[in-house]
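An overview of the molecular structure
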Amino acid sequence: MTMWFRIVRVLLVFLCLLYRPSSLHAFLPAGDPPVRADVFPVGYTPEGALEVGVHLQMDRGWHVYWENPGDAGMPVSIEWDLPDGYTAGPLEFPAPGTFMSGDMTGFGYDSEVVLFSTIVAATADGRTEQFPEEVFPFEADVSWLACAESCIPGSARVRLQAGTPRDELLQKAATWKSLLPVESSADALQLDRAVLEQVKDRMQVRLEFSGAEASGIEAFYPSPSLSGLDLGGLAAGPKHVVLPLTSADAPSAVSGVVITAGGAYEVESAIQLPASGPSGSWWSGVVPFLAMLGFSFVGGMLLNVMPCVLPVLGLKVFSLIGSPGEHGGQSGGKGRMLSLVFAAGVLFSFWVLALGVLVLKGMGEQIGWGFQFQSPVFITAIAVIVFAFSLNLFGVFEFDTPVISGKLGSLASHRGSIGAFVSGVLATTLATPCTAPFLGTALGFAFAQPPAVILLFFTVIAVGMALPYVVLAWHPAWLKFLPRPGKWMYVFKQVMGFILIAVVVWLASILASHGGSVLMLNLLILLFIIAVVLWIDGLLTGPGTPLRKQVLVWGISLAIVLFAFQQLGTAPAEQEPAGAVPSAGQRDANGVMWLDYSPDLIERATAERQTLFIDFTADWCLTCKVMEASVLSNERVGRLLQSPSISAVRADWTTRNNNITALLQRFGRSGVPLFVIVPGGDIDQAVVLPEVITVDMLVTALEQVL
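All residue numbers refer to position in the chain's written sequence, counted from 1. Local features are withheld for residues below a pLDDT of 70 in this predicted model, meaning they are given only at 70 or higher, and side-chain atom pairs are given and counted only at 80 or more; totals for whole chains, interfaces and linings count all residues. As a rule here, side-chain values come from all non-hydrogen atoms in the structure, and water together with hydrogens is ignored.

**Concerning the confidence of the model for the chain**
A residue's pLDDT is the predictor's confidence in that residue, given on a scale from 0 to 100. Residues of the chain with pLDDT of at least 70 account for 74%, and the chain-wide mean is 76. When the elements of the chain are averaged for pLDDT, helix α7 (residues 406–412) gives the smallest value, 39, and strand β2 (residues 50–58) the largest, 94. Only heavy atoms matter for contacts: two residues are in contact if any of them lie within 4.5 Å across the pair. Segment residues 1–30: pLDDT under 50, and 40 contacts once partners within four positions in sequence are set aside and those in other chains are kept. Here residues 275–284 scores under 50 on pLDDT; set against residues more than four positions off or in separate chains, the count is five contacts. Here a helix means four or more residues in a row that DSSP labels H or I, a strand means two or more in a row labelled E, and each is numbered from the N terminus.

**Here we look at the sheet that holds strand β21 (residues 611–617)**
Here the rule is simple: two strands pair whenever DSSP picks up at least two bridges between them. Reading across from one edge, β19-β20-β22-β21-β23-β24 is the order of the six strands in this open sheet, with mixed pairing throughout. The open sheet has two free edges, formed respectively by β19 (586–587) and β24 (687–688), since each of these has just one partner strand. In the sheet, strand β20 (residues 593–596) pairs with strand β22 (residues 646–652) via three bridges, with the strands oriented parallel. Residue pairing across strands places L595 opposite V649, the latter belonging to β22.

**Remarks on the sheet that holds strand β8 (residues 112–121)**
An order of β1-β2-β8-β5 is seen for the four strands of this open sheet, with the pairing classed as antiparallel. Of all strands in the sheet, those with a lone pairing partner are β1 (35–44) and β5 (86–88), marking the two edges. The sheet shows a mean angle of 25° between the axes of neighbouring strands, direction not considered. Bridging between β1 and β2 involves nine bridges; their strand directions are antiparallel. Within β2, the position partnered with V35 by the bridge is M58. Helix α2 (residues 167–177) contacts β1, β2 and β8 of the sheet and is inclined by roughly 95° relative to β8. A fitted line through C-alpha atoms serves as each axis, taken over the contacting stretch for helices, and the angle formed by two N-to-C directions is quoted from 0 to 180°.

**Examining the environment of L641**
Position of L641 relative to the elements: it lies in helix α15 (residues 635–641). Relative accessibility decides the category of a residue: with a 1.4 Å probe and only protein chains considered, values under 20% of the type maximum give buried, values over 50% give exposed, and everything between is partly exposed. When its relative accessible area of 4% is taken as the criterion, L641 is described as buried. Sequence separation of L641 and V699 is 58 residues, and the distance between their C-alpha atoms is 9.6 Å. In this view, L641 contacts V592, W594, F613, I646 and L702; residues no more than four positions away in its chain are not counted.

This is the structure in structure tokens:
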């Protein structure tokens, strides 16, 4: 019976999202709708904004939903149709109540509720006078999902008139406004800490409070962003709240609204790991943490053999054995020094990536491994750097660092040092589009941790990636399988140049996925300008060129390149028109129909108990393309994916998509590739496959769910 309730609720929510409420009126029962909506002016704020009350009245037994509807439902929403120069703020929700239906928990309102919205004029900064009457009426569409024994989506077109409303409405507005959550404070209510703990065989988060209102805590309502909770098991009492989890994967932070006898308070806090103690809980938390660090180290080492990094493997080997013009190769001391410089380039790049992750997470963004390849500007910049690197390998130009006095200057004067550092940066940059085995699990764990832990994990990955080359440089005897330095290295160097040109072609194809032919044409023009500039530099700054002339030539060249990049490399990508409908999917060579991922698709599969095979991929992920060509295109796999009980779904992460990022994080991953089987549409029973799979592995996994 509980499964029937869940299926019915999810189906209704899916219909509400798929169709506009107005198109569903033909399916509503005869008679008056169970919910009636209107809006009225509450008053002007000191800043000059008009506060509006959104009044909903429900028939007896019916309810509508809060901003976090709970296990199923849809929050009340409003879309304003305002004249130019006027904007509306987000809908504000008073403290809700709780509804139970079978084993499902919902949050919302019955009888009636007044929600709040504000309208601001573009010139309203600092003014308190009323809006001119000629701008009224303001119109808006209010939408909701009303539930009782069944659920009915509804909407109403409302008009906001000028003037003073009835005293009755103003009294209701005052009552509900007193229930709007306010920021917590040390005097009234303060969340001291949120601790992850294990009780028997289940994990839970315990919130501990202090302040004058702490003894009167009555309820807790999680924010919409907080997932993974067993809502039916939430418990609140004096000075504490207990949030049971549905799995061992705990969120990194907790936020929501606490209801006390005196009001409603917004609270937020990072979740602490269990404290050490005689029970051994400290050790049980340290072991998984150390295991994740180990996965990070091994994953960093395995990045060296992933397809994304193969284009620069030759450059790394070249840096170890040196160039033929340097006394027959690198000396032992210089080779060791260059290996450390290469490692420094890798470490520096990973720290820059970690800083970018922390900045974006601090801004509230959802991100994952390889997120920078979702930026056309970043792809263009990397294409420029790789292209310049290839021209250097072809001998179009050389960059000699000016001589500086002293031992430091002697070290810096070796262009090999710069080349080794840039090789480390380039290797890291090309490694980030793909995750290696073990690395996906570790990153999924790290991205949910505090900043210091994220930095630690990125450092360990960098050490793992750079270590093999440092070890080889410090043990040159292990390189005896390589031929002695000679003329073959000139040819090898040029072959590496062609490989980097191929990388530029690949980056250009990724850019086309972001912005079509316009961005690709801009990139080609930019590369042409850079080729001409570097060719001229090569003519004017040969060996023995005075320092002043080198600085002048390279300074002018840099200015030209930066100007060209600003004009051509930062052009906006083509945007899909508003309201564009995602494509239905496409068939591959085996006749398998690959559906484009959307949250609605998951809800529909859950309702229909349809098994899903989800391929998380991106155009900039070479490992993904290798898996598609070698595994997903296999005839045996194709026959299984054509089964009526399985739907093949492709989650394309080439461009930024918060829905796909959230789903990756739900599976404990932060990057692509990733392959997931969802048996019977039950996402809680999902089977997460390794990042690198074989045909036999996938066939076995699919046969087990058929």
